[in-house]
Amino acid sequence: WYSIGGGALGLERHREGQPARYIPNTVDRRVRNLESYGGNVDKPGAVQRVFGAVDRLNRVADKLRDTNPIFDEIVEIVRDADRTGDRVAVYAPSKTIRAVLRRAIEDAVARLSSQTLSVVTSVKIRAIDSHDRLVFAGPQRPQEAGFYVHPRVDDVVVLTFDVEWASMVREHAEEYARSLKE
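In this report, the structure presented in the accompanying data block is examined. (Residues numbered from 1 in each chain as written. Predicted model: local features only at pLDDT ≥ 70, side-chain atom pairs only at ≥ 80, totals over all residues. Heavy atoms only, no water.)

1. Points about the pairing of strand β3 (residues 88-91)
Here's step 1: Side chains Val88 and Val90 project from β3 onto one buried face, and the interleaved Ala89 and Tyr91 project onto a second face that is buried too.
Here's step 2: Sheet topology places β3 next to strand β4 (residues 117-120); four bridges connect them, and they run parallel. Following the sheet pairing, Ala89 is matched in β4 by Ser118.
Here's step 3: The parallel pair β3 and β4 is bridged by helix α4 (residues 95-108), and the resulting crossover is right-handed.
Here's step 4: Where β3 and strand β5 (residues 131-137) come together, three bridges link them in parallel fashion. Considered in β5, the bridge of Val88 is made with Arg133. (Buried < 20%, exposed > 50% of the residue type's maximum accessible area, 1.4 Å probe, protein only. Helix = DSSP H or I, 4+ residues; strand = E, 2+ residues; numbered from the N terminus. Pairing = 2+ DSSP bridges. Right-handed = clockwise from strand over helix to strand, strands pointing away.)

2. Some remarks on the packing of aromatic side chains
Here's step 1: Counting across every chain of the model gives three aromatic pairs.
Here's step 2: Taking the centre distance of 5.3 Å and the plane angle of 45° together, the rings of Tyr91 and Phe136 count as tilted. Of this pair, Tyr91 sits in strand β3 while Phe136 sits in strand β5, placing them 45 residues apart in sequence.
Here's step 3: Ring geometry for Phe136 against Tyr148: centres 5.2 Å apart, planes inclined by 80°, an arrangement best described as edge-to-face. Of this pair, Phe136 sits in strand β5 while Tyr148 sits in the loop between β5 and β6 (153-159), and the two are 12 residues apart along the sequence. For the pair Phe136 and Tyr148, one class covers both residues: buried. (Phe/Tyr/Trp six-rings, centres within 6.5 Å; stacked < 30°, edge-to-face > 60°.)

So, in structure tokens, the structure goes:
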């Protein structure tokens, strides 16, 4: 298992004409929750602290939009595969994210061979043909652990922000394998 150190990821196009970036959607959700909460607090000191937290979270979100290690790593994996003639499948949890992610990768990798990249959803992943590598941006739900042990893929890569997620991914895959034996 490969980990660059994940959680819930969202895909966002943050400026017109700029490539899409993975950012934790939990930051945006927390900001909205704090703004809503701050608007309902009667004590001025508490409101100031709540909106101070909103400001700090917004700055974190801005930094994450400017630098995106998981997306950058996906692009590097695809570039390497394009250079070596390998085939890479990248998992996207929905059709909408699939379309945006595919376009973002194609924008980032100049002259990408049409044979190099497949971006697949949970429906399409079951039917992919032989690939050298399958890439996940973050751990998936336990019920999707079977994707980690895909029979037509040579290598599976799960990218996360936190190395602790790697043991959870391994545990989900092992549990899936045990369930097949039973």
